[in-house]
Amino acid sequence: VNITTEATGEALIPSHLDPTVISTQSGSLNPFRAISRVVSVTSNVWNGVSAPAISASWDSEGAEVSDDSPIFAAPSVTCHKGQAFIPVTQEALEDIGNLGAEVSKLFADAKDNLEATAFATGSGSGQPKGIVTALTGSANETAMATNSSFAVGDIFSASEALPVAYRANSSWLMNQVHINDIREFGGSNFYTRTVTLDQGPSGSILGRPVYESSALSSTLDGDTNLNIVLGDFSNFLIADRIGATVSYVPHLFAVGNNRPNGQSGWNMHWRTGSDAVNATAFVLLYNPST
């Protein structure tokens, strides 16, 4: 007896299958929930109030003080529905152990991946508005000095363009490619070195934390490459309508005669929205067209 072939003994070896689902997707990095302002709402819209700082004045004795009342604005963030669905045959449900727990992990991963792109570059139409979309075309954009080129001076330009009120709590957000580019800026010029090579991916640049967003552009070949964000992310709001809900659908129906087809399923849905409720707190560093 040996285990070389089925006939000589291989058939006697007990079979084993680990039902743990191993994700093979490339994945995404989504730091937004860690650094942004996250609120729960009981309706589909978050409404807030904002106002600029008022100006004080030096006045002479007995002089009338000026009216320094602020001008209020009412920013709002609308929640949008995301969902995912996984059908399963009744036989698979009966025979595969712990299937429900594995489905839950797949749902959580899918939700995070969808939000990672939306919070970065979402259009705001039928989906959350991303930080890049909120800043594009605004006065908060700062161009790199040279088309298709990224230099250490661009980092200083972005830092200097951020209003002083938001610098102390600011963070950098960019693709890993540009984090690596910045690590190479130092060279022999130690005064320009922004991070040390022994730091992890989330180090610091000019004293401020840096986070990787895989949804931000990694290229520099056109003016549509909106690459790097610097700002106080407490001014980027994520509004969650309660939370994610997973429903078990006991019977699916065939399209032919609308009779059960021997399948069940899980449906996950959630509602969330995002936007920069104070765009002044950010700088968008982009690649110029010329």
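Residues numbered from 1 in each chain as written. Predicted model: local features only at pLDDT ≥ 70, side-chain atom pairs only at ≥ 80, totals over all residues. Heavy atoms only, no water.

J.: Requested: an account of the overall build of the chain, with residues and values cited.
T.: Secondary structure summary: the chain contains six helices and 13 strands in total. Counting only residues that meet the buried cut, the chain has 35% of its 290 residues in that class. Intrachain contacts of the chain at a sequence separation of at least 6 include 76% that bridge at least 24 residues. By element, 53% of the accessible surface of the chain is carried by carbon and sulfur atoms, the whole surface being about 16400 Å². (Helix = DSSP H or I, 4+ residues; strand = E, 2+ residues; numbered from the N terminus. Buried < 20%, exposed > 50% of the residue type's maximum accessible area, 1.4 Å probe, protein only. Contact = heavy atoms within 4.5 Å. Areas by Shrake-Rupley, 256 points an atom, 1.4 Å probe, with all protein chains shown as cover.)

J.: How would you summarise the environment of Val210 if you had to cite specific residues and measurements?
T.: For Val210, the location among the structural elements is in strand β8 (residues 208–212). The class of Val210 is buried, set by a relative accessible area of 2%. C-alpha of Val210 to C-alpha of Ile179: the two residues are 31 residues apart in sequence and 8.1 Å apart in space.

J.: Account for unusual backbone geometry, naming residues and giving values.
T.: Residue Leu206 is not a glycine yet carries a positive backbone phi of 50°. Mapped onto the fold, Leu206 is located in the loop between β7 (204–205) and β8. A relative accessible area of 33% means that Leu206 is categorised as partly exposed. You will see that Asn258, though not glycine, has its phi angle at about 60°, which is positive. With respect to the helices and strands, the residue Asn258 is situated in the loop between β11 (245–249) and β12 (263–276). Judged by its relative accessible area of 58%, Asn258 falls in the exposed class.

J.: Could you give an account of the sheet that holds strand β13 (residues 282–286), with specific residues and numbers?
T.: Read across the sheet, six strands follow the order β5-β13-β9-β6-β8-β7 without closing on themselves; strand pairing throughout is mixed. Among the strands making up the open sheet, the edge pair consists of β5 (141–143) and β7. Pairing analysis gives three bridges linking strand β6 (residues 171–174) to strand β9 (residues 226–231), with the strands arranged antiparallel. Bridging from a neighbouring strand, Trp172 pairs with Leu230 of β9. Along the sheet face, helix α5 (residues 152–161) touches β5, β6, β7, β9 and β13 and points at about 155° away from the line of β13. (Pairing = 2+ DSSP bridges. Axes fitted to C-alpha atoms, helices over the stretch in contact; angles between N-to-C directions.)

J.: Tell me what's going on with the layout of surface pockets, and back it up with residues and numbers.
T.: By volume, the largest pocket is sized at about 170 Å³. Forming the walls of the largest pocket are His80, Lys81, Gly82, Leu114, Glu115, Thr117, Ala118, Gly126, Gln127, Pro128, Trp270 and Thr272. Of all elements in the fold, only β4 (80–89), α3 (99–121) and β12 reach the threshold of two or more residues within the lining of the largest pocket. Top contributing element to the lining of the largest pocket by residue count: α3, with four residues. Looking at side-chain class alone, the lining of the largest pocket contains four nonpolar, six polar and two charged residues. (1 Å grid on protein atoms, 1.4 Å probe; cavity = no way out; pocket = protein on both sides within 12 Å on 5 of 7 lines; lining within 4 Å. Points joined across faces, edges and corners; volume = space filled by probe spheres on them. Nonpolar A, V, L, I, M, F, W, Y, C, P; charged D, E, K, R; others polar.)

J.: Lay out the pattern of salt bridges with the relevant residues and their values.
T.: A side chain with one charge may pair with a side chain of the opposite charge, provided their charged atoms come close. What the rule picks out here adds up to four salt bridges. For Arg33, the salt bridge goes to Asp240, with nearest N and O atoms at 2.8 Å. With Arg33 in helix α1 (residues 32–35) and Asp240 in strand β10 (residues 236–241), this pair connects stretches of sequence that are 207 residues apart. Arg33 gets classed as partly exposed once you look at its relative accessible area, which sits at 27%. A relative accessible area of 13% places Asp240 in the buried class. Here Lys111 and Glu115 are joined by a salt bridge, their closest N and O atoms 3.0 Å apart. Here Glu115 and Lys111 lie together in helix α3, a separation of four residues that amounts to about one turn. Where salt bridges share partners, they join Arg33, Lys111, Glu115 and Asp240 into one cluster. (Salt bridge = Lys/Arg side-chain N within 4 Å of Asp/Glu carboxyl O.)

J.: Please set out the packing of aromatic side chains residue by residue, giving values where relevant.
T.: Within this structure, the stated rule accounts for five aromatic pairs. Measuring from centroid to centroid gives 6.5 Å for Phe32 and Phe233, while their planes differ by 70°, and the two rings are edge-to-face. Of the two residues, Phe32 is situated in helix α1 and Phe233 in the loop between β9 and β10; the sequence distance between them amounts to 201 residues. Look at Phe233 and you get buried, because its relative accessible area is 2%. With centroids separated by 5.7 Å and ring planes inclined at 50°, the aromatic side chains of Phe32 and Phe236 adopt a geometry described as tilted. Of this pair, Phe32 sits in helix α1 while Phe236 sits in strand β10, and the two are 204 residues apart along the sequence. Assigned by exposure class, Phe32 and Phe236 land together as buried. Every member of this aromatic cluster is reached through a ring pair, and the members are Phe32, Phe119, Phe233, Phe236 and Phe282. (Phe/Tyr/Trp six-rings, centres within 6.5 Å; stacked < 30°, edge-to-face > 60°.)

J.: Break down the pairing of β10 for me, citing the residues and quoting the values.
T.: Counting buried residues in β10 gives five out of six residues, a clear majority hidden from the surface. Where β10 meets β12, five bridges bridge the pair, whose relative direction is antiparallel. Note that in β12 the partner of Asp240 across the bridge is Thr272.

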